[in-house]
Amino acid sequence: MNKTIHREGKGTAKLFDERSLEADYATLSPLLTPGLRVLDVGCGTGAISKDIAAKVGSAGHVTGIDNTEYFIQSGKETYADVKNLELIYTDLFAYQPDEKFDLIVAARVLQWLNNPVEALKKMYSLLKPGGIVSILDYNHEALEWQPQPPPSMLRFYATFLRWRGDAGMNNHIAEDLPGYFEEAGFTGIVSLDADEVYKKGQPNFVNKAGIWAKVAMSKQMVEEGYIDDELRLLAIDEYTEWVENDAERMTMKLKEIRGTKPA
Ligand SMILES: C[S@@+](CC[C@H](N)C(=O)[O-])C[C@H]1O[C@@H](n2cnc3c(N)ncnc32)[C@H](O)[C@@H]1O
């Protein structure tokens, strides 16, 4: 069973609702031509999916799937009037559509799986011959903060990466994806830089750089014996203050990897 530290709920749904194709998956845009049949795996609330739907137009269609029911329910309400978008509550591995897809995308999803190659093989099976899979994902080990955040957050973050690693998640999956694509049978594999850079003064800076305080709100690592609650709470307080006063810049390192199913 894959695990995730994101909890279902309004806060996380709101975070996903703020995403857009332009800001959060910009490198995908050139692939989106009218008429395509697209699958968005792990679509969250469908915020990026609805932008993809606009790009493929009324002759195209987007299906977003997610295995967190609340996100799908929320997206169905928010995007009810997007005619060429369908959101389905299902796990990728259980999904058995009648028709295959021209393009399958998954943003920030494989980082949570302990079997990413199996996920790519499943996506391969859902593609038409000549179809493309695009994965956007992180190298969490290369995250850059300027200046350095308080030691309490550095310790929390190091523990977070250890917790993820112990659960079988790859903390530098962006770097390993090209090899995974090859293992899954794809050809024409391409890797694009897709870093997220947040700078002080930008309207969303406190919200975006503050992500790690939100991650630390979850007590899961305390419950599993990875960190004591005192350090977790200290990390939240000190990091929140750092973001508001001292932080200049945060760069999350991501890559978009694409591969083609041979025709
Ligand atoms: C970090 S969120 C990314 C949401 C969206 N793609 C974005 O970039 O904002 C990861 C999503 O993947 C979903 N997910 C994880 N494993 C999944 C699986 N096996 N099948 C379907 N969805 C999955 C989670 O429920 C979550 O909504």
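Let me sum up the structure you'll find in this document. (Residues numbered from 1 in each chain as written. Predicted model: local features only at pLDDT ≥ 70, side-chain atom pairs only at ≥ 80, totals over all residues.)

1. Focus on the environment of Val41
Then, number 1: Within the secondary structure, Val41 is located in strand β1 (residues 37–41).
Then, number 2: In sequence terms Val41 and Ala106 are 65 residues apart; their C-alpha atoms lie 4.9 Å from each other.
Then, number 3: When near neighbours in sequence (up to four residues on either side) are disregarded, Val41 contacts Ile65, Leu92, Ile104, Ala106, Val109 and Met123. (Helix = DSSP H or I, 4+ residues; strand = E, 2+ residues; numbered from the N terminus. Contact = placed C-beta atoms within 7 Å.)

2. A short note on the sheet that holds strand β9 (residues 249–252)
Then, number 1: The strand order β6-β9-β8 describes an open sheet built from three strands, whose pairing is antiparallel. Each edge of the sheet is formed by a strand with only one pairing partner; in this case those strands are β6 (144–146) and β8 (196–199). Each strand axis lies, on average, 5° off the axis of its neighbour in the sheet, ignoring direction.
Then, number 2: The sheet contact formed by β6 and β9 spans three bridges and is antiparallel. Considered in β9, the bridge of Glu144 is made with Thr251. (Pairing = 2+ DSSP bridges. Axes fitted to C-alpha atoms, helices over the stretch in contact; angles between N-to-C directions.)

3. Overview of the packing of helix α5 (residues 116–125) against helix α7 (residues 173–183)
Then, number 1: Running from N to C, α5 and α7 point in directions that differ by 50°, and their axes come no closer than 10 Å. One finds that α5 runs oblique with respect to α7. Where α5 crosses over α7, the handedness of that crossing is right-handed. The residues of α7 that touch α5, namely those facing Pro116, Val117 and Leu120, are Ile173, Tyr180, Phe181 and Glu183. (Parallel < 35°, antiparallel > 145°, perpendicular 65-115°, else oblique. Left-handed = near helix turned anticlockwise from the far one by under 90°.)

4. Topic: the site of the ligand
Then, number 1: As a matter of local geometry, the ligand sits amid 20 residues, with Gly42, Gly44, Thr68, Leu92 and Ala107 nearest to it.
Then, number 2: Its residues placed into classes, the shell around the ligand shows 11 nonpolar, five polar and four charged. (Near = placed C-beta within 6 Å. Nonpolar A, V, L, I, M, F, W, Y, C, P; charged D, E, K, R; others polar.)

5. Some remarks on the sheet that holds strand β2 (residues 61–66)
Then, number 1: Pairing is mixed across the open sheet formed by seven strands, whose spatial order is β3-β2-β1-β4-β5-β10-β7. Either end of the sheet is taken by a strand with one partner, and the two such strands are β3 (85–89) and β7 (187–193). Between one strand axis and the next, the sheet turns through 15° on average, direction left out of account.
Then, number 2: Relative to strand β4 (residues 101–107), β1 runs parallel, the two sharing three bridges. Across the sheet, the residue bridging to Asp40 is Val105, located in β4.
Then, number 3: Lying over the sheet, helix α4 (residues 69–78) contacts β2 and β3, oriented at roughly 155° with respect to β3.
Then, number 4: The strands touched by α7 within the sheet are β5 (127–138), β7 and β10 (254–260), with β10 carrying the most contacts at an inclination of about 5°.

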